[in-house]
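Breakdown of the fold
Here is what each chain is made of, one letter per residue.
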Amino acid sequence: GRAAPRACGVPNVCRLLTRRAHGFYARDAGVAHRKNLGLLRKIMCQESTKFKNVWTTHSASPIAYERGRIYMDNYQCCISSIAQEPRILYQKSKCAKSEKIEDALLLECPLGEMLPSPSDYKASLIVLTVQNWLLRLSADSGEVLEKVYLAGSCCKFFRYLSWDTPQEVMIVKSAQNKLPAAARQAGIRQNVLFYLAVFQVLPLSFIGMLEINKKIFGNSVTDVAVSNGILIVMHSMGLVRLYNFKAILEQFMEQPFDLGQEFNWNGQVGVVGKYPFGLPCNIKITDTPPLLFEASSLENAFQIGGYPWHYIITPNKKKHKGVFHICSLKDNALAKNGVQDMKCCSLEPDCIYFHPDMSGRIIHVGPNLIKVLKLKEVKNRADQTEIAEDFTIVANRENCVNNSVTVTASGRVVKKRFTSLDDDPEQETFKIVDYEDELDLLSTVAVTQIGADGRAHLDFHCNEHGILLKSIPLKESWDVTYSHEVYFDKDLVLHIEQKPNRRFSCYVYQMVCDTARDDD
């Protein structure tokens with residue numbers, strides 16, 4: 001029978017979402033933002049639009065970039081790259097070695113939430129110092145907004161910051177505990193390898209601290225990470241094991257603590273997060289948690305993504321380096337066409353990862369070829385998935401075969417044919433692939449080096465179909481033996497180069513309208 005008509009005044013959700021995407025609701029702030037980004041993408045990809053090198057600097061210390069801010073001198077100097085020409089936001093005096101910053105994360109205000117302090121609504125920088133202080137700094141002035149002392153009697157060396165849930169839950173990880181050589185020779189064993197401190201951010205609050213112990217997770221543990229609510233434990237033989245991190249926190253929490261709270265813990269009296277007591281280790285894992293999943297992969301390389309859920313590994317033998325298996329997380333079944341092998345003959349191996357645009361696609365990057373792959377159902381087999389090619393991006397090079405000519409003592413000419421490496425610097429080679437989420441563009445950096453002079457160009461491709469939309473030549477020479485980072489952030493391109501002997505350079509390009517009077 002015919003469906004009953006929709007009650008008057010009751011909206012159709014799908015229709016509302018479609019109309020919203022098309023911009024029918026002018027008072028929706030998201031509509032104006034999406035429209036502006038669409039205009040920016042069109043302007044940027046016009047042939048007449050150029051990117052001009054507006055600023056260059058050099059430094060003896062590492063240079064970092066975060067959301068329109070360039071950090072130098074171990075985060076003591078912050079430069080805004082948004083202005084027409086980069087300008088200093090703040091410059092602090094040189095810090096002592098004891099105040100050196102080990103790691104940093106940019107913290108941005110969540111939308112639609114009430115926060116306790118006005119400063120919480122502005123971007124801030126979470127930094128970890130060599131003396132185990134966790135500081136929250138204003139991103140615009142460098143002012144210290146909050147400070148937490150981490151290390152009590154349990155741990156002396158916190159070194160790494162990472163996100164469990166981006167902009168929500170943060171992990172502070174210690175360096176690996178190692179006994180002195182004399183203690184090892186005496187037969188003393190070190191069972192605790194790492195400490196993890198867990199924080200909720202904005203407002204900054206302490207969730208708990210736990211130790212990664214060999215007695216619980218095994219003697220072969222080499223490293224540990226936390227991501228999206230999963231505790232990832234890596235072992236020396238290539239084994240990767242996954243555990244439910246949230247369940248671990250709930251099951252083994254002995255007592256919750258708040259920052260600034262006075263406590264009496266295991267005979268210690270102090271204040272949580274204050275010197276000299278730091279944070280209590282209040283999560284004690286007494287038994288091996290339930291295992292969610294395990295896989296064996298060369299060099300512990302393991303990734304999860306796609307829809308339905310799949311994972312990518314390399315079979316755990318050196319001869320399989322560069323071969324990737326894409327398998328179903330549900331039953332470990334290898335997907336149809338799930339073995340991806342570019343058969344590269346190159347110094348740098350190819351790499352593969354799930355597309356950061358959350359489309360479930362996979363990006364496979366080789367020296368002269370980029371494949372964007374997609375998961376789809378096998379025809380007439382709803383329970384099986386197939387890896388299909390969505391599009392490819394090919395380097396602009398010729399498949400030339402070099403001839404080496406030699407002449408023997410008798411005068412006979414001998415021609416020896418050989419094929420150059422796939423990442424031969426004299427042929428255009430892909431070095432960097434990235435995704436600009438706000439403009440929905442896939443960016444690639446391709447380099448050609450002839451002699452000591454290397455030339456690079458940054459290309460923008462349509463993320464949906466791979467079509468080349470824009471190519472930007474980088475003015476500076478590119479040496480393939482140096483370390484490089486390239487950031488593409490809306491109308492800004494930033495290139496950071498590390499040369500030998502800790503020499504760093506930063507090149508900033510901004511979008512400009514081309515005119516007859518401006519050759520740049």
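For the structure itself, consult the block above.
These notes cover the structure that comes with them. Owing to the predicted nature of the structure, the values given are computational and were not obtained by experimental measurement.

**Here we look at the overall build of the protein**
Each helix and strand in the protein was counted, giving five helices and 36 strands. Counting the 520 residues in the protein, one finds 43% classified as buried. Sequence-distant contacts in the protein: of pairs separated by 6 or more residues, those separated by 24 or more amount to 47%. Looking at the protein as shown, the accessible area adds up to about 28900 Å², and 51% of this sits on carbon and sulfur atoms.

**Thoughts on the side chain of threonine 314**
Relative to the elements of secondary structure, threonine 314 occurs in the loop between β21 (310-313) and β22 (323-328). In contact with threonine 314, not counting residues within four places along its chain, are Ser296, Ser297, Leu298, Ala301, His320, Lys321, Val323 and Phe324.

**Here's the deal with the nonpolar core**
One finds Leu134, Leu150, Phe158, Met170, Val172, Phe199 and Leu279 to be the most contacted residues of the largest nonpolar core, which totals 30 residues. Within the residue set of this core, elements represented by two or more residues are β6 (101-107), β7 (124-129), β9 (144-149), β10 (158-165), β11 (169-174), β12 (192-200), β13 (205-213) and β17 (262-265). Grouped together as the second largest cluster of nonpolar side chains are 22 residues, Leu231, Ile248, Phe252 and Ile285 included.

**Points about the pattern of salt bridges**
Using the criterion set out here, one finds 18 salt bridges in the structure. Here glutamate 108 and arginine 67 are joined by a salt bridge, their closest N and O atoms 3.8 Å apart. In this pair, glutamate 108 sits in the loop between β6 and β7 while arginine 67 sits in the loop between β2 (64-66) and β3 (69-72), placing the two residues 41 residues apart along the sequence. A salt bridge links lysine 173 to aspartate 223; its shortest N-O distance comes to 2.5 Å. Linking lysine 173 in strand β11 with aspartate 223 in strand β14 (residues 221-227), this pair joins segments that are 50 residues apart in sequence. The class for lysine 173 is buried, based on a relative accessible area of 13%. A relative accessible area of 28% places aspartate 223 in the partly exposed class. Where salt bridges share partners, they join Asp357, Arg361, Lys374 and Asp390 into one cluster.

**Overview of the pairing of β22**
Of all six residues that make up β22, five are buried, and the element is covered over most of its length. Inspection of the sheet shows β21 paired to β22 by four bridges, in the antiparallel sense. From the neighbouring strand, isoleucine 312 faces β22, where its bridge partner is isoleucine 326. Both β22 and strand β23 (residues 334-341) contribute to a ladder of four bridges, which runs antiparallel. Residue cysteine 327 lies in a different strand from β23, and its bridge partner there is leucine 334. Here β22 hands over to β23 after five residues, with asparagine 332 in that stretch at a positive phi of 65°.

Rules used in this analysis
- Residues numbered from 1 in each chain as written.
- Predicted model: local features only at pLDDT ≥ 70, side-chain atom pairs only at ≥ 80, totals over all residues.
- Heavy atoms only, no water.
- Helix = DSSP H or I, 4+ residues; strand = E, 2+ residues; numbered from the N terminus.
- Buried < 20%, exposed > 50% of the residue type's maximum accessible area, 1.4 Å probe, protein only.
- Contact = heavy atoms within 4.5 Å.
- Areas by Shrake-Rupley, 256 points an atom, 1.4 Å probe, with all protein chains shown as cover.
- Core = buried A, V, L, I, M, F, W, Y, C linked by side-chain atoms within 4.5 Å.
- Salt bridge = Lys/Arg side-chain N within 4 Å of Asp/Glu carboxyl O.
- Pairing = 2+ DSSP bridges.

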